[in-house]
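Working through the structure, step by step
One letter stands for each residue in the lines below.
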Amino acid sequence: MSQHTPSGGTTSGTTPTTAAGTRLDPWLGAYADRTHGMRASEIRALFAVANRPEVVSLAGGMPNLDGLPLDVIADVAQRVVATRGRTALQYGSGQGDETLREQILDVMRLEGIHAHPDDVVVTTGSQQALDLVTRLFVNPGDVIVAEAPSYVGALGVFRAYQADVVHVPLDVDGLVPAALEETLTRLAAEGRRVKLLYTVPNFHNPAGVTLSAERRPQILEICRRHGVLVLEDNPYGLLGFDGDPIPAMRSLDEDGVIYLGSFSKTFAPGYRVGWAVAPHAVREKLVLASESAILCPSNASQLAISAYLSTCDWRGQIKAFREMYRERRDAMMGALAEHLPDATWTVPDGGFYTWVRLPDGLDAKAMLPRAVTARVAYVPGTAFYADGQGSDQMRLSFCYPTPERIREGVRRLAGVVAGESEL
Ligand code: PMP
């Protein structure tokens, strides 16, 4: 039997192959323009090697779940199905379970956010919220302003919607207001349409820095003046190592901010539950967009998290996570000072990551295969820019390996860097 291919030819029932035996994609001519920018992230390609047990992976951002009481959580989930199975296993509300939305308000209050359950849209991780917000606001060619560097998963979404990402520098106090002002003024003069400022204000992925309390109102004022909506992505905000959380940007501005939260880092990513808080009209559109994408978020996940929040000491669990990650941060900072004194790096007050600048303009991407051979992995800096910057930079994460393995990983990395300098 022969088939028509989208390019107009026919095949004889089997997908054509190249001489090397690789399958050709018969639908190559059919893909939508928006797929042209889609590619596997540099992190994805790395995971296969980085997960080998002999490799110390300072690459991934996987939360460390060792501290979770799995027996208690299993019990909670079991009880949900036993007592509310017909709801848990059924379709649910597109906006998300109402009880969970109320509990999310308790979580957000820790960062000064006061909202109504109606303002909250539950999503399949905050990653889906990033997709929905971009889908709502961004036409091909619209500009999204984002920190330099930025979360690789957000850049992937922005690329898929054919946005033009313009980076604005950050320093140890986060996004630099004067640089933002200058960029927005220049873009306006060029007649560009800026739709969003995408920012990770707390314990930035990948830069490890936090937007200072002083800068938050300044950034909001600049965006308000330029008519730019702020997309505040905050999965790490409750994982600070010292002191109380800095009030969220959303706590200072209800109309100009879409806030994204997640249970992935403070509880468990496997349930895939995050949320968005948006101004009223935006929220209604978010629900419609989410319903068209997924009908509704998983009731089983939402009810399990809701029961966890109401029956377990989730604040105590977050405190335990903070202590575990602080110990790992200290191990990484100590090892960097000992083994890589010629590099520079950020000192994170929370979260999972530090951002390292290599000495002598070394190329982190070119160095990666040699690092993997030396049994250590990281993510090269270029992954976190839309415009090819960052070759002498890298993200190191300290969330997953033990302090001992972190020290060993940095020692191996220093050996690779020393070898590069001699090349
Ligand atoms: N935003 C940032 C900054 C992240 O680091 C991550 C996860 N690495 C996400 C969003 C997505 O998280 P999730 O979908 O698991 O909530």
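This one's a predicted model, so the numbers in the text were calculated from it and none came from an experiment.

1. Focus on the overall build of the protein
From N to C terminus, the protein includes twelve helices and 16 strands. With respect to the principal axes defined by its C-alpha atoms, the protein has extents near 65 × 60 × 55 Å. Taking all 423 residues of the protein together, the buried fraction comes to 45%. By sequence separation, contacts in the protein at least 24 residues apart represent 74% of the contacts at least 6 residues apart.

2. Here we look at the packing of helix 2 (residues 70-88) against helix 9 (residues 299-311)
Their axes nearest at 9 Å, the elements helix 2 and helix 9 cross at an angle of 125 degrees. Considering the angle they form, helix 2 stands oblique to helix 9. Like other packed secondary-structure pairs, helix 2 and helix 9 cross with a definite hand, here right-handed. Residues Ile 73, Val 76, Ala 77, Arg 79, Val 80, Arg 84, Thr 87 and Ala 88 of helix 2 pack against Asn 299, Ala 300, Leu 303, Ala 304, Ala 307, Tyr 308 and Thr 311 of helix 9. Split into classes, the residues belonging to the contact of helix 2 with helix 9 amount to ten nonpolar, three polar and two charged.

3. Structural notes on the sheet that holds strand 9 (residues 229-233)
Read across the sheet, eight strands follow the order 4-11-10-9-8-5-6-7 without closing on themselves; strand pairing throughout is mixed. With one partner strand each, in any of the chains shown, strand 4 (120-123) and strand 7 (174-175) form the two edges of the open sheet. Direction of pairing for strand 9 relative to strand 10 (residues 257-262): parallel, over a ladder of four bridges. Across the sheet, the residue bridging to Asp 233 is Leu 260, located in strand 10. The strands that helix 3 (residues 98-109) touches are strand 4, strand 10 and strand 11 (274-277); relative to strand 4, the one it contacts most, it runs at about 105 degrees.

4. Concerning the UniProt feature "domain: Aminotransferase class I/classII large" (unreviewed entry) in the protein
The UniProt record annotates "domain: Aminotransferase class I/classII large" (unreviewed entry) at residues 56-413. From the first C-alpha to the last, residues 56-413 spans 10 Å; its make-up is 43% helix and 16% strand.

5. Here we look at helix 4 (residues 125-137)
Within an α-helix, residues lying three or four positions from one another point in the same direction, as the helix has 3.6 residues per turn. With 13 residues, helix 4 extends 19 Å between its outermost C-alpha atoms, agreeing within 8% with the 18 Å of an ideal straight helix rising 1.5 Å per residue. The buried count for helix 4 comes to ten of 13 residues, which makes it a mostly enclosed element. Taken as a whole, helix 4 has its buried residues at Gly 125, Ser 126, Gln 127, Gln 128, Ala 129, Leu 130, Asp 131, Leu 132, Val 133 and Thr 134. Of the surrounding elements, those touching the buried residues of helix 4 are strand 4, helix 5 (152-160), strand 9, strand 10, strand 11 and helix 8 (280-294).

Rules behind the numbers
Each chain has its residues counted from 1, running along the sequence as written. Local features in this predicted model are restricted to residues whose pLDDT is 70 or higher, and side-chain atom pairs enter the listing and the counts only when it is 80 or higher, whereas totals over whole chains, interfaces and linings include all residues. Strands are runs of DSSP state E lasting at least 2 residues, helices are runs of H or I lasting at least 4, and numbering of each runs from the N terminus. Exposed residues have 12 or fewer other C-beta atoms within 10 Å of their own C-beta, buried residues have 20 or more, and residues in between are partly exposed; the C-beta atoms are placed from the backbone. Note on contacts: each residue gets a C-beta atom placed from the backbone, and two residues are in contact if those atoms are within 7 Å. Here an angle of 0 to 180 degrees is reported between the N-to-C directions of two axes, which are lines fitted to C-alpha atoms, with helices fitted over the stretch in contact. Throughout this description, any angle smaller than 35 degrees is read as roughly parallel, any larger than 145 degrees as roughly antiparallel, any in the 65 to 115 degree range as roughly perpendicular, and the remainder as oblique. By the definition used in this description, the sense in which the near helix is turned from the far one sets the handedness, with an anticlockwise turn below a right angle giving left-handed and a clockwise turn giving right-handed. Each residue gets one of three labels, nonpolar for Ala, Val, Leu, Ile, Met, Phe, Trp, Tyr, Cys and Pro, charged for Asp, Glu, Lys and Arg, and polar for the others, Gly among them. At least two DSSP bridges between two strands are needed for those strands to be called paired. UniProt positions are given in the numbering used here, feature names are shortened, and annotations may be inferred rather than shown by experiment. The length a helix should cover is 1.5 Å for every residue beyond the first.

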